[in-house]
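Coordinate analysis (summary)
Spelled out, the chains give:
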Amino acid sequence: MEAKLINFKEIGNPSTGILIAIEQMKEVPFEIKRVYYLFDCHIRRGFHAHKKLKQVAIAINGSCKILLDDGTNKEIVLLNKKNQGLFIEGGTWREMYDFSADCVLMVIADSLYDEQDYIRDYQEFINFYRKS
Ligand code: T46
């Protein structure tokens, strides 16, 4: 598995301030239906996959790690750049951890919240998605 990191264009510079704009079908490869964000996270979270949901996760402050697992390969991605997003497709088990105290993890998604899209049992995930 290779993490799909997206580098966003920065407008401005540190002396004037920096702006990053994210538009659907441009900086993110889908139509945007939902934005949510996590902060004050002290414990490992996630422990699920989505069947279809596509998302881009951005540490807009601080840092955290995300474990990605496609059923065969695992990869750990450090998110610590305001100008970088991690594209996560459906069929990927994820766990978020090592949140810095100041971490704000913003997630842009292609669908509204739908609990039916979640697979929260790892064995069920493996049965669905293990390649080979
Ligand atoms: C992901 C990581 C980064 C809602 O009501 N609306 C929402 O849009 C979301 C995302 C969650 N919720 C409710 C459902 C649960 O009762 O908030 C509670 C915690 O949700 P969840 O278990 O999804 O939270 P995380 O932090 O484990 O995972 C979330 C996303 O689900 C996941 O796709 O990549 O953040």
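So, here's what we can say about the structure. Keep in mind it's a predicted model, so treat the numbers as computed, not measured.

The rules we used
Residues numbered from 1 in each chain as written. Predicted model: local features only at pLDDT ≥ 70, side-chain atom pairs only at ≥ 80, totals over all residues. Heavy atoms only, no water. Helix = DSSP H or I, 4+ residues; strand = E, 2+ residues; numbered from the N terminus. Polar contact = N/O pair within 3.5 Å; in protein donor to acceptor, adjacent residues only side chain to side chain. Contact = heavy atoms within 4.5 Å. Pairing = 2+ DSSP bridges. Axes fitted to C-alpha atoms, helices over the stretch in contact; angles between N-to-C directions. Buried < 20%, exposed > 50% of the residue type's maximum accessible area, 1.4 Å probe, protein only. Core = buried A, V, L, I, M, F, W, Y, C linked by side-chain atoms within 4.5 Å.

When you line up the elements, threonine 92 lands in the loop between strand S9 (84-88) and strand S10 (93-97). A polar side-chain atom of threonine 92 sits 3.1 Å from the main-chain carbonyl oxygen of glutamate 89. Those residues in contact with threonine 92 that lie beyond four places of it in its chain are His48, Ala49, His50, Leu68, Asp69 and Phe125.

We now examine the sheet that holds strand S1 (residues 4-7). Pairing within the open sheet is antiparallel, and its 5 strands lie in the order S1-S9-S6-S11-S4. The open sheet has two free edges, formed respectively by S1 and strand S4 (34-39), since each of these has just one partner strand. Each adjacent strand pair in this sheet contributes to an overall mean axis angle of 25 degrees, direction not counted. Where strand S6 (residues 55-61) meets S9, 3 bridges bridge the pair, whose relative direction is antiparallel.

Residue position: alanine 3 is located in the segment before S1. By relative accessible area, alanine 3 is classed as buried at 15%. Separated by 73 residues in sequence, alanine 3 and isoleucine 76 have C-alpha atoms that sit 8.5 Å apart. Not counting chain neighbours up to four residues away, the residues in contact with alanine 3 comprise Leu68, Glu75, Val77 and Leu86.

Moving on: the nonpolar core. Here is a general trend for soluble globular proteins: nonpolar side chains tend to be buried in one another's company. Formed by 17 residues in total, the largest nonpolar core has its most connected members in Ile66, Leu68, Leu79, Leu86, Phe99 and Leu105. Looking at this core, the elements with two or more residues in it are S6, strand S7 (64-69), strand S8 (74-79), S9 and strand S11 (104-109). A per-element tally of this core places S7 first, with 3 residues. The contacts of leucine 79, once residues within four sequence positions are left out, are Leu5, Ala57, Ala59, Gly62, Ser63, Cys64, Ile66, Leu86 and Leu105. In terms of nonpolar packing, the next biggest core, distinct from the first, is built from 9 residues, Val28, Ile58, Phe87 and Met106 among them.

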